Each structure stands twice: as C-alpha cells, then as structure tokens.
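# Residue-level structural notes
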Amino acid sequence: MADQVTLRIDDQDWGGWESVRIMQSMTAVSRAFELSLTDRWPGQTSYQPIAPGKSVEVRINGERVVSGWIDSVSPSYSPRDHTISVAGRDKTADLVDCSAMNDPGQWRGARLNEIISDLLKPFGIGLMVQTDLGKPFDEFSIDKGETAFESLERLCRMRAVLATTDGSGNVVLTRGGAGGSMGVELRRGENILQASASFDHRDRGHEYIVRAQLPPTIDYFNQGKTEHALEARVNDAGVRRHRPMLIMAEQAADQQAVADRARWEAVVRAARARTATITVQGWSAGSKLWTPNTTVVVRDDWLGLDQTMIIAGATFEKSASGTRTTLELQPPGAYELLPELPKPEKEELSWID
C-alpha cells in the first residue's frame, strides 16, 4: 500500500493535498512540515479556513509524526485552481523561539530531568527520558536572554545527553544510536535511488593536545608549576601529515577528564568528516518508518562506504515525482557527546613536567 498522509487541523481531517515535506533531525528539537493542498476535498460540504496558530497533527499510515502548531498559511489562486500552502512545527518549536522566563531561574542540587521539566512546564510540553542522566547539578542558572532551548541544550551538553523530539511533541532525552538498528541494508544498485557523500579533512588533525587548568584552590605558582599543568595527547591515524590541534579546556579538570576530551576530539572530528545523503523509495523500511537516531548498514562501492551509519536526519517527500525519503547519514561516533568536566580533588591531580 502506498504511503498515506493524514492532516488533522483542530480535530478536522484534511485531504486533497498535492505535496508534502516532513523534516526530522537528531540535532533539531522540533520536527517541521510543509504542504500544499486544495481548499476543498471530495465529500467536503463547507469551507473551513486554515489559520496560523491552530493545532495540527501529521500522520503517515496512521502513525503520528508531527504534533504541534501551524506557523504560516499562504493562499493563492489562478483561473485553474485554488491552493493553500501550510507550514508548521512540533509543539517544541516554542522552546526554540521563546525565552526562558523561569523565576528565579536558578537551581541547586537538582537533576537534569527536574530542571528541564521546570523549563518545559510553562509551555505545556512533556518530557521523556530514555537514558541515564548522571549526577545532580551543584548549581545551574539561566543566562539572561537565552531561549528555553538554549538553556535545555546547555544542560544536556553538560551531561552528554541528546535532546530531540517524538511525534507527539514531547522532548526526549536520549543518546546517539539509542533507537537501535533499522534492520536493513542500503545497497547501491538495489534500494538506493541516488546518493552523494562528503569526506572532508579540514577539521581533522594528526594529533590533539588538550590542556587544562588546575583548580584555583591549588597554589600552583608557589609550587613552580605552569598555569596549564595538565595535558593529554591523542593521535588520528587517518591524518598522515603534520596537523597538530591544541585545545584549551573550558574549566579545571583532572587527568582522566583531559584524556577523555582529547579522545572525544579525535573520534568526533573523524566521524563528522564522513557524511552521506541517500535517497530511497517510499517512507518505510519494511513496516518501520525511517527514523533519526537509528542505524543502518550502507554498502556503496562508488561512494566508498561499507559500514554502519547513524540516521542523523530523514526528510519525507511526496509530489508529482513520487514518494521518497532523503536520509542524512554519519558514522555513530559523530554523536558521541562529552560530559561536563568534573572538578577534581587535590589528590587526584597528575602533574605534567
């Protein structure tokens, strides 16, 4: 059966649409859609206006993929037809657009989910947790003028957690690859309609050197030590010429944290240097819609890819050209997140001569 899209606006189903584009991404907390439809469909007895701000659901074969609000409406007509173009996003779009106004906007000893729940509450948005959230925060404060999503993203970065969304307009806290495997392979000459890839070494180095300060509680000057006394080095064997990259840690750290940061730089930069865009027929792999944060095996000798990759984004499109999905793919290491550097105790320090 062909993929079918149902649009529900303020509890009324709309048909007669001509084209649709639904965009999902691991790095976007809000899904988005664009569609064009006629102002009447078979069986409709009266015209119902579509206006920005109305609630909307988008379903594919009965599965909800967007639940949010209409952002914009653009009507047009000609001697031959009347068309309405509609664009909208998940409920979570309000987090991206609007400021965090929590008062007093400070938390002490609170866990990640507790702070984020407070940020979401004024917007009426739910929270789902699919991963360990780490220890409570000693202290966290909203920066003046930042959006709710900027606060949320900063929190998640400190705990190596990925914030995304589901089809129901909730915020989901997860990690890269948590969606598991799609259970299929993408093969050139079989199920790949078209593809492109990029292999870019501009952000890669042959060696990453990370240096960190000692905590201010230690009198390192009187001990004859340099200000940046901790250091770790990691090599990237895929880069063969001299390309050293020095990274100064944003805050004080212990030796393990500095080593983790150096490894993270090497792994993530190498993974993000390999990207692929693959278009396939339809919106599903078997009975499962193509979904970001899942993995798929790519076997394409022309692109030089024979590996498991993570689906970073999936765009569903349907028009006169047919029904297709465009997948944005990267190696799983591209979404290995670095947690907050811990504040070390004095006895944990390792000196660099």
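Residues numbered from 1 in each chain as written. Predicted model: local features only at pLDDT ≥ 70, side-chain atom pairs only at ≥ 80, totals over all residues. Heavy atoms only, no water.

## So, the overall build of the chain
- Of the regular secondary structure elements, the chain holds 4 helices and 23 strands.
- Within the chain, buried positions represent 46% of all 353 residues.
- Within the chain, residue pairs in contact and separated by at least 24 positions form 69% of the contacts whose partners lie at least 6 positions apart.
- Approximately 18300 Å² of the chain is accessible, and the part contributed by carbon and sulfur atoms is 47%. (Helix = DSSP H or I, 4+ residues; strand = E, 2+ residues; numbered from the N terminus. Buried < 20%, exposed > 50% of the residue type's maximum accessible area, 1.4 Å probe, protein only. Contact = heavy atoms within 4.5 Å. Areas by Shrake-Rupley, 256 points an atom, 1.4 Å probe, with all protein chains shown as cover.)

## Quick notes on unusual backbone geometry
- With an omega of 15 degrees, the peptide bond running from D103 to P104 counts as cis.
- Within the element layout of this structure, P104 appears in the loop between helix 1 (93–97) and strand 8 (106–107).
- Phi at N61 is positive, roughly 50 degrees, even though this residue is not glycine.
- Secondary-structure assignment places N61 in the loop between strand 5 (55–60) and strand 6 (63–77).
- Residue N61 is classed as partly exposed on the basis of its relative accessible area of 37%.
- Positive phi, close to 70 degrees, is recorded for N293, a residue that is not glycine.

## A word on the packing of aromatic side chains
- By the definition in use, this model includes 3 aromatic pairs.
- Aromatic side chains W283 and F316 sit 5.7 Å apart centroid to centroid with 40 degrees between the ring planes, which places their arrangement in the tilted category. On the criterion of sequence distance, the pair formed by W283 in the loop between strand 18 (274–281) and strand 19 (284–285) and F316 in strand 22 (residues 305–319) is long-range, its members being 33 residues apart. Exposure class is identical for W283 and F316. Each is buried.
- An aromatic cluster is present here, built from W107, F137 and F140 joined pairwise through their rings.
- The positively charged end of R159 is found above the aromatic ring belonging to F137, 4.0 Å away from the centroid. (Phe/Tyr/Trp six-rings, centres within 6.5 Å; stacked < 30°, edge-to-face > 60°. Lys NZ or Arg CZ within 6 Å of the ring centre and 35° of its normal.)

## Regarding the pairing of strand 6
- One ladder, built from 6 bridges, connects strand 5 with strand 6; its direction is antiparallel. Residue pairing across strands places S55 opposite W69, the latter belonging to strand 6.
- In sequence, strand 6 turns back onto strand 7 (residues 82–90) through a hairpin of 4 residues. (Pairing = 2+ DSSP bridges.)

## Some remarks on the pattern of salt bridges
- Following the criterion strictly, the structure yields 21 salt bridges and no others.
- For R59, the salt bridge identified is with E57, shortest N-O distance 3.1 Å.
- In this structure, the salt-bridge partner of E185 is R299, at a minimum N-O distance of 3.0 Å. Note that E185 is positioned in strand 13 (residues 181–187) and R299 in strand 21 (residues 295–300), a separation of 114 residues in sequence.
- Each of E185, R187, R299 and D306 takes part in salt bridges that share partners, so that together they form one network. (Salt bridge = Lys/Arg side-chain N within 4 Å of Asp/Glu carboxyl O.)

## Description of the sheet that holds strand 15 (residues 207–212)
- As summarised here, the arrangement of the 3 strands in space is 16-15-17, forming an open sheet in which the pairing is mixed. One side of each edge strand has no neighbouring strand; the edge strands of this open sheet are strand 16 (230–235) and strand 17 (244–248). Adjacent strand axes in the sheet meet at a mean angle of 20 degrees when their direction is disregarded.
- With 6 bridges joining them, strand 15 and strand 16 adopt antiparallel strand pairing. Paired with R211 across the two strands is E231, which belongs to strand 16.
- Relative to strand 16, helix 4 (residues 255–272) is tilted by about 30 degrees, and along the sheet it contacts strand 15, strand 16 and strand 17. (Axes fitted to C-alpha atoms, helices over the stretch in contact; angles between N-to-C directions.)

## Looking at the packing of helix 2 (residues 112–120) against helix 3 (residues 148–158)
- In contact at an axis separation of 10 Å, helix 2 and helix 3 are set at 175 degrees when each is read in the N-to-C sense. Considered as vectors, helix 2 and helix 3 are oriented roughly antiparallel to each other. On helix 3, the residues touching L112, I115, I116, L119 and L120 of helix 2 are A148, S151, L152, L155 and C156.
- Of the residues that constitute the contact of helix 2 with helix 3, the class distribution is 9 nonpolar, 1 polar and no charged. (Parallel < 35°, antiparallel > 145°, perpendicular 65-115°, else oblique. Nonpolar A, V, L, I, M, F, W, Y, C, P; charged D, E, K, R; others polar.)

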